[in-house]
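# Results of the structural survey
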Amino acid sequence: MEKLEQIKQTLSEIDDRTPDALCVAFSLGYRVSPAPAPGEEDRVASFAASVLPPPPLVSEDADANEPGELHEVPLASTSEDDATKVLRMEWASCYLPDHDEDAHFGHDEAGVLGVADGVGGYRNRGVDAAAFSRGLMTSAFMHVLAIKPGTAVCPYTLLERAYDETVASAASGASTTVILSLAGSVLKWAYIGDSAFAVLRGGNIVHRSRAQQSYFNCPFQISAGGKGDSIAKADVGEMPVRDGDVVVAGTDGMFDNVFDAELERVVRMGTAQGYSPKNMADVVAGIAYEMSRSPTKDSPFSTEYQKQAAGVGFHGGKPDDITVVVAFIRDLSRSVAKRKTRATMEKLEQIKQTLSEIDHRTPDALRVAFRLGYRVSPAPAPGEEDRVASLVASVLPPPPPLVSEDADANKPGQVPLASTSEDDAAKVLRMEWASCYLPDHDEDAHFGHDEAGVVGVVDGVGGYRDLGEDAAAFSRGLMASAFMHVLAIEPGTPVCPYALLERAYDETVASTASGASTAVILSLAGATLKWAYIGDSAFAVLRGGNIVHRSRAQQSYFNCPFQLSSPGEGDSIAEANVGEIAVRDGDVVVVGTDGLFDNVFDAELERVRMGTAQGYSPKNMADVVAGIAYEMSRSPTKDSPFSTEGHKQAPGDRFHGGKPDDITVVVTFISDLS
């Protein structure tokens, strides 16, 4: 039931009946909400019927999960029009560990994702069965990070290099794996074993990988020392894809528990109801989890087992690590055209979609609360209740007073920092993060790693753009290098933000990357949040909706922050501000570039405590904060932290409004893992 509750929370923006509807539709045999009284409508069953076709009937002699049997929709070739589209892979994942031996990665910009499954048999020999799978994915991901943007990735070459490096590292164990890449309108793959993928079009599977097995439940696997199968046995291929296709990749923990026809039903429902890749990955993984624990419902694994051992009445699922990666194939050229033709309302619609699980009035409530001056829904008629204003009043305190020119409205440190108790210090805290990036010149970069408890944000200095240089090169180099170091750290090892920033700086300088960058890196070690930053990329720690710590911008003068670049051109890494603060369960940390903090006053940031009250996820909150910053950056009249500071520096200058810029927002929830 725990995992079902996780799905229920994930899907709350769609319909509160969805988790029970899935139980009904997939014959899981139980439901959370009570059954209807005699004569009452069964809302759950009706809902299931409205969004899902009847479940497939699986006979004992039917090869229900044999790839190709369900391909009722022919794979049409890609037209010239499809081939000219700029396709992009938007991915998300869900991992439900059992023995914690799966690994995966993905990279939107490069259009690459990978999944690996450590062979559990090594666990019985006292060997770390996760070492080889994690080594493969880490090495592959580091190679992807090092590839020049726009370079097509060959999955087999990438797998081969990752394999060679993992073997050279003397990693123990063995692994199955699949790597997919998108090049233009062609999806390419390389896989070995039973880590698998399916491509769905219009909710129907048009391609499904075939498991490579030596015999039942013994898949091909790669390992060190010539003990496994040759990398040359990898299945390699490609197929045309188009805008709207959905790619689902996963380990056998998924495909051993979910029939292809059932996977199609989830994707159809998700597409019809507007699921995000994360929603869909969570649903598929949750269904696989529930089925893996079912003692009675036949699964692809039990069905195949019955064929191999005739007369053995084994039923039920197969408990295992479950990794699901869902990638949506999007037409980037169409979205770029929309960005060019649609103004500020587009970003507001993005917020509106993100916040649909809370209340359709929320975007207007945000406008009212932050005095953005307009709203989408019509104003109430005379005498009617203003539902938007009522919502604002119910979840937000009165708006902060208008900022006077002599008030330091964005000065950090307005709320005293309470110490952490011994009880707080003993808790096992974890950092759960999500981000939103709204590019202007596309020179920001960021990364995060939940397990290591590390996040980083950088902002390429735009002045280099005017010099004809790539103003994003240094910032991206810093984040790529820092992230690779985090991936290489042994799990459980505390990360020193300054040491990480210093190493990333040295490597970026050595790479001769052009440009300069501000930066901030945060890490969670026990109950202590540590930081290192340089310039005006900043962060704030909120407790109970109040800022208890806020970084102070380092500037040579107004609008000229400290910055890292090649030696002799920027500021010294030694000038980075370094420190730490005790945090506790429930704290919220907001990290961002100046595109956020130049447009949103601290008092306004605190007002997003509405998100905590209404149960926002980190992603919801990041989207809201970034969207508000975006709207304010485009406002010609509302004073911003940037314009307020400009008034102080130039008293006669009557500049008002926000500051258009790249906006990166990373929101992390500090939660008690114990």
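Model, not experiment: these values are computed from the prediction.

Rules of the game
Residues numbered from 1 in each chain as written. Predicted model: local features only at pLDDT ≥ 70, side-chain atom pairs only at ≥ 80, totals over all residues. Heavy atoms only, no water. Helix = DSSP H or I, 4+ residues; strand = E, 2+ residues; numbered from the N terminus. Buried < 20%, exposed > 50% of the residue type's maximum accessible area, 1.4 Å probe, protein only. Contact = heavy atoms within 4.5 Å. Areas by Shrake-Rupley, 256 points an atom, 1.4 Å probe, with all protein chains shown as cover. Expected span 1.5 Å × (residues − 1). Axes fitted to C-alpha atoms, helices over the stretch in contact; angles between N-to-C directions. Parallel < 35°, antiparallel > 145°, perpendicular 65-115°, else oblique. Left-handed = near helix turned anticlockwise from the far one by under 90°. Nonpolar A, V, L, I, M, F, W, Y, C, P; charged D, E, K, R; others polar. Salt bridge = Lys/Arg side-chain N within 4 Å of Asp/Glu carboxyl O. Pairing = 2+ DSSP bridges. Lys, Arg positive; Asp, Glu negative; His and termini not counted.

### Some details on the overall build of the protein
Counting its regular elements, the protein contains 23 helices and 26 strands. For the protein, the proportion of its 674 residues judged to be buried stands at 52%. Looking at the protein alone, contacts between residues at least 24 apart form 73% of all its contacts between residues at least 6 apart. Looking at the protein as shown, the accessible area adds up to about 28,600 Å², and 52% of this sits on carbon and sulfur atoms.

### Some points on helix 17 (residues 473-488)
The end-to-end C-alpha distance of helix 17 is 23 Å, a good match for the 22 Å that 16 residues give at a rise of 1.5 Å each. Within helix 17, burial applies to Phe 474, Ser 475, Leu 478, Met 479, Ala 480, Ser 481, Ala 482, Phe 483, Val 486 and Leu 487. In this fold, the buried residues of helix 17 make contact with helix 5 (131-146), strand 15 (444-449), strand 16 (454-460), helix 18 (497-510), strand 17 (516-525) and strand 23 (564-565).

### Digging into the packing of helix 5 against helix 6 (residues 155-168)
Packing of helix 5 against helix 6 leaves a shortest axis separation of 8 Å and a crossing angle of 125°. By the angle class used here, helix 5 and helix 6 are oblique. You can see that helix 5 and helix 6 cross each other, and the crossing is right-handed. Residue-level inspection shows Phe 132, Gly 135, Leu 136, Ser 139, Ala 140, His 143 and Val 144 of helix 5 in contact with helix 6, the latter providing Leu 158, Arg 161, Ala 162, Tyr 163, Glu 165, Thr 166 and Val 167. Classifying every residue of the contact of helix 5 with helix 6 gives eight nonpolar, four polar and two charged.

### Observations regarding the pattern of salt bridges
This structure, assessed with the given rule, holds 26 salt bridges. Glu 645 serves as the salt-bridge partner of Lys 648, at 4.0 Å between the closest nitrogen and oxygen. Remark: Glu 645 and Lys 648 occur in helix 23 (residues 641-649); sequence separation between them is three residues, near one turn of the helix.

### A short note on the pairing of strand 16
Looking down a regular strand, the side chains alternate between one sheet face and the other. Most of strand 16 is tucked away: seven of the seven residues are buried. The side-chain alternation of strand 16 yields two buried faces, one formed by Val 454, Gly 456, Val 458 and Gly 460 and the other by Val 455, Val 457 and Asp 459. Taken together, strand 15 and the strand that follows it, strand 16, pair antiparallel across an intervening segment of four residues, in which Gly 453 is found at a positive phi of about 70°. Where strand 16 and strand 17 come together, seven bridges link them in antiparallel fashion. Bridged to Gly 460 within strand 17 is Ser 517.

### Overview of unusual backbone geometry
The phi torsion at Asp 100 lies on the positive side, around 60°, for a residue other than glycine. Here Asp 100 shows up in the loop between strand 1 (87-96) and strand 2 (102-107). Non-glycine residue Asp 442 carries a positive phi angle of around 60°. Relative to the helices and strands, Asp 442 is located in the loop between strand 14 (429-438) and strand 15.

### Quick look at helix 23
All of the buried residues in helix 23 are Pro 641, Phe 642, Ser 643, Thr 644, Gly 646 and His 647. Contact partners of the buried residues in helix 23: helix 19 (594-597).

### Notes on the sheet that holds strand 14
Judged by pairing direction, the sheet is antiparallel, and its five strands sit side by side in the order 14-26-25-19-20 without closing on themselves. What marks the edges here is a single partner per strand, and that holds for strand 14 and strand 20 (546-550). Shown here is a sheet whose adjacent strand axes are inclined to one another by a mean of 25°, direction ignored. Both strand 25 (residues 588-592) and strand 26 (residues 663-672) contribute to a ladder of five bridges, which runs antiparallel. When the bridges of strand 26 are listed, Val 590 appears paired with Val 667.

### A few points about the environment of Arg 134
Secondary-structure assignment places Arg 134 in helix 5. Separated by 353 residues in sequence, Arg 134 and Leu 487 have C-alpha atoms that sit 9.7 Å apart. Non-local contacts of Arg 134, meaning those with residues more than four positions away in its chain, are made with Asp 100, Asp 102 and Ala 103.

### Here's the deal with the pairing of strand 7 (residues 204-208)
With respect to burial, strand 7 is a largely interior element, five of its five residues being buried. One ladder, built from four bridges, connects strand 6 (residues 196-201) with strand 7; its direction is antiparallel. Each bridged residue has a counterpart across the sheet, and for Val 199 the counterpart in strand 7 is His 207. Hairpin connection between strand 6 and strand 7: a loop of two residues separates the two successive antiparallel strands, and Gly 202 in this loop has a positive phi of roughly 65°.

### Re the packing of helix 5 against helix 17
Interaxial distance between helix 5 and helix 17 falls to 10 Å at its minimum, and their mutual angle equals 175°. Classed by the angle they form, the pair helix 5 and helix 17 counts as roughly antiparallel. Judged by residue contacts, Thr 138, Phe 141, Met 142 and Leu 145 of helix 5 engage Ala 480, Phe 483, Met 484 and Leu 487 from helix 17. Here the contact of helix 5 with helix 17 is composed, by residue class, of seven nonpolar, one polar and no charged.

### Structural notes on the sheet that holds strand 7
Pairing in this open sheet of five strands is antiparallel, and the strands run 1-13-12-6-7 from one edge to the other. A single partner strand is all that each edge strand has here, and the edge strands are strand 1 and strand 7. For this sheet, the mean angle separating the axes of adjacent strands, direction not counted, is 25°. The pairing of strand 12 (residues 246-250) with strand 13 (residues 322-331) spans five bridges and is antiparallel. Bridge assignment links Val 248 to a residue of strand 13, and that residue is Val 326. Running at roughly 125° to strand 7, helix 8 (residues 260-273) makes contact with strand 6, strand 7 and strand 12 of the sheet. Most of the contacts of helix 9 (residues 277-292) go to strand 1, to which it runs at about 35°, and overall it touches strand 1, strand 12 and strand 13.

### Some thoughts on the environment of Thr 637
You can see Thr 637 is positioned in the loop between helix 22 (618-633) and helix 23. Looking at Thr 637, the relative accessible area reads 61%, which means it is exposed. Those residues in contact with Thr 637 that sit more than four places away from it in its chain are His 656 and Gly 657.

### Quick notes on the side chain of Asp 536
Within the element layout of this structure, Asp 536 appears in the loop between strand 18 (528-534) and strand 19 (538-543). Of the buried charged residues, Asp 536 lacks a salt bridge, with Lys 659 as the closest side chain of opposite charge at 5.5 Å. If we ignore the near neighbours within four places in the chain, the residues touching Asp 536 are Thr 518, Ala 553, Gln 554, Pro 561, Thr 593 and Asp 594.

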